[in-house]
Amino acid sequence: MNVCRWPLAGLLLAVSVSTQAADPAAVYGKGGANSAAMACATCHGAEGEGMAAAGFPRLAGLSADYMKKQLADFASGERANPIMQPIAAALSPEEVDAVTTMLANKPRPQVERISRAAAAEGVGAVLALRGAWERNIPECVACHGPSGVGVGKAFPPLVGQSAQYLSSQLIAWQQGTRKNDPNDLMGHIARGLTEDEIKAVAEYFAGLTDTGAGK
Ligand code: HEC
Ligand code: HEC
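As the structure is a prediction and not an experimental result, all values here were calculated from the model. Position numbers for residues start from 1 in each chain and track the written sequence from start to end. Written order decides the labels, with chains lettered from A and ligands numbered from 1. Residue-level local features of this predicted model are given only where pLDDT is at least 70; pairs of side-chain atoms are given and counted only at 80 or more, and the full residue set underlies all totals for whole chains, interfaces and linings. The basis for every side-chain value is the complete set of non-hydrogen atoms in the structure, without hydrogens or water.

Draft legend 1. Region of interest: empty space enclosed by the protein. Using protein atoms alone on a 1 Å grid, points that fit a 1.4 Å probe yet trap it form a cavity, whereas open point sets bounded by protein on both sides within 12 Å along at least five of seven lines form a pocket; residues with an atom within 4 Å of a point count as lining. Grid points are joined across faces, edges and corners, and a volume is the space filled by probe spheres set on the points. Within the structure shown, the criterion is met by one cavity of 30 Å³ or more. In this model, the largest cavity occupies a volume close to 40 Å³. Together, Ser-63, Tyr-66, Arg-108, Gly-150, Val-151, Gly-152, Lys-153, Phe-155, Pro-156 and Pro-157 line the largest cavity. Throughout, the ten residues Ala, Val, Leu, Ile, Met, Phe, Trp, Tyr, Cys and Pro are labelled nonpolar, Asp, Glu, Lys and Arg are labelled charged, and all others, Gly among them, are labelled polar. In the lining of the largest cavity, the residues fall into five nonpolar, three polar and two charged.

Draft legend 2. Looking closely at the coordination of the iron atom of ligand 2. Coordination shells were defined by N, O and S atoms within 2.8 Å of each metal, extended to 3.2 Å for Na, K and Ca; water is absent from the atom set, which can make sites look incomplete. Around the iron atom of ligand 2, the protein contributes the donor atoms His-144 (NE2) and Met-186 (SD), which lie 2.0 to 2.2 Å from the metal centre. In short, tetrahedral needs four donors with all angles between 85 and 135 degrees, square planar needs four and octahedral six donors with opposite donors over 155 degrees apart and all other angles between 65 and 115, and whatever is left is irregular. Its six donor atoms give the iron atom of ligand 2 angles of 85 to 179° at the centre, a pattern that matches the octahedral case. Of the two residues, His-144 is situated in helix H8 (residues 141-144) and Met-186 in helix H10 (residues 185-191); the sequence distance between them amounts to 42 residues. Each member of the pair His-144 and Met-186 is classed as buried. In DSSP terms, a helix is any run of H or I states spanning at least four residues, a strand is any run of E spanning at least two, and both are numbered starting from the N terminus. Only protein chains enter the area calculation, which uses a 1.4 Å probe; residues under 20% of their type maximum are buried, those over 50% are exposed, and those in between are partly exposed.

Draft legend 3. Representation of the layout of surface pockets in the model. In this structure, the second largest pocket spans a volume of roughly 290 Å³. Glu-49, Arg-58, Pro-109, Gly-160 and Gln-161 are the residues nearest the centre of the second largest pocket, which is lined by 22 residues in total. Grouping the amino acids of the lining of the second largest pocket by side-chain chemistry returns eleven nonpolar, five polar and six charged. Residue-level mapping places the lining of the second largest pocket at the junction of two domains, with at least three residues from each of domain 1 (20-104) and domain 2 (123-206). In this entry, domain limits derive from an automatic or database-based domain assignment.

Draft legend 4. The arrangement of the coordination of the iron atom of ligand 1 in detail. Distances from the iron atom of ligand 1 to its protein donors, His-44 (NE2) and Met-84 (SD), fall within 2.0 to 2.3 Å. If you look at the iron atom of ligand 1, its six donor atoms make angles of 83 to 178° with each other, and the shape they trace is octahedral. On the criterion of sequence distance, the pair formed by His-44 in helix H3 (residues 41-44) and Met-84 in helix H5 (residues 84-90) is long-range, its members being 40 residues apart.

Draft legend 5. Representation of the site of ligand 1 in the model. What surrounds ligand 1 is a group of 24 residues, the closest being Cys-40, Cys-43, His-44, Tyr-66 and Met-84. Polar contact is defined as a pair of N or O atoms within 3.5 Å, subject to the rule that within protein one atom must be able to donate a hydrogen and the other to accept it, and that residues adjacent in sequence are counted only when both atoms are side-chain atoms. Within the side chain of Tyr-66, an N or O atom sits 2.7 Å from an oxygen atom of ligand 1. Here an oxygen atom of ligand 1 sits 2.8 Å away from a polar atom, N or O, in the side chain of Gln-169. Only H3, helix H4 (64-76), H5 and helix H9 (163-175) provide two or more residues apiece to the shell around ligand 1. Among the residues making up the shell around ligand 1, the classes are represented as 18 nonpolar, five polar and one charged. When residues are assigned to domains, the shell around ligand 1 turns out to be shared by domain 1 (20-104) and domain 2 (123-206), each giving three or more. We call a residue near a molecule or strand when any one of its heavy atoms sits within 4 Å of it.

Here you go:
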C-alpha cells in the first residue's frame, strides 16, 4: 500500500501549490510559473509606466477588470498580438488576478481636466473634444472621460499612453487585428479616421502633461 500512497501525496501537493495565491511582485518582476509568461517589467517598465519609444503601454493605474479582459482577449486572439498572445495564454487565473490588482493600485497620471467646452485648436483637439459628428464620430472624451483619464472598467485612459501606442491601437482596429471592443464602438471610430487624424489625436492625448499630483 505504501508504494501507492506516495504518488498520491505528491499529486495533492502539486494541486495545492498550483491553487495558491500568486505573488504579484514575482509575476511582474520575474515572470509566471510557466516560463512562457515572461516578466512584465521587461517591457512594461519597473513601475508599470510603459516604454514609450518601444510602444509598450503603461499598465500602472489601469482598471484591473480592463486588464483582465485584455489578457483574455490576447489569449483568445480577439486582440491579436504576437508578443502578448503567448504571455497571456501562459498566465494562470491566480497570476492574472494578482498582477492586475497590484498594477491597478499604482498611481495614474494626474492631468488638468479639460472640459468639452474648452477652445479646441488643431485636428487632434477638435476630434478629442468635439468629435466629427458629420461622420458619426463622437468626441473621444465622451467615453474616455475629460482629458482621457478613463471611466470605470470599460473605458481605458488615453492620457499616460504614448502617441506611438495610441496610434498603433487605432491602426489595429482599422486593420481588424483588434476586434475586442463591445459593439464595435472603437472599430467604427477608427475606420472613420484618416492617417493624419490618427496621428494628431494620438499626439493630443500623449501631450497632456502629468501634473505629478498623483505620485
Ligand atoms: C516582450 C514584451 C512584453 C512583455 C514581457 C509583456 N508585455 Fe504586455 N504588452 C506588450 C505589448 C507590445 C503590448 C501592446 C500589444 C498591442 O499592440 O496590442 C502589451 C499590452 C499589454 C496589455 C494591454 C494594455 C492596454 O492598455 O490595453 C496588458 C494588460 C499587458 N500587456 C499585460 C502584461 C502582463 C501582465 C505581463 C507580464 C505577465 C506582460 N504584459 C508582459 C509587451 C509585453
Ligand atoms: C462610444 C465610446 C467611445 C468613444 C467615443 C471613443 N472610444 Fe476609444 N475605446 C472605447 C472602448 C469601450 C475601449 C476599450 C475596448 C476594449 O475593451 O478593449 C476603447 C479603447 C481605446 C483605445 C485603446 C486603449 C488601450 O489602452 O489599449 C484607444 C487608443 C482609443 N480607445 C482611442 C480613442 C480615440 C482617439 C477616440 C476619439 C477619436 C475614442 N477612443 C473614442 C470606447 C470609445
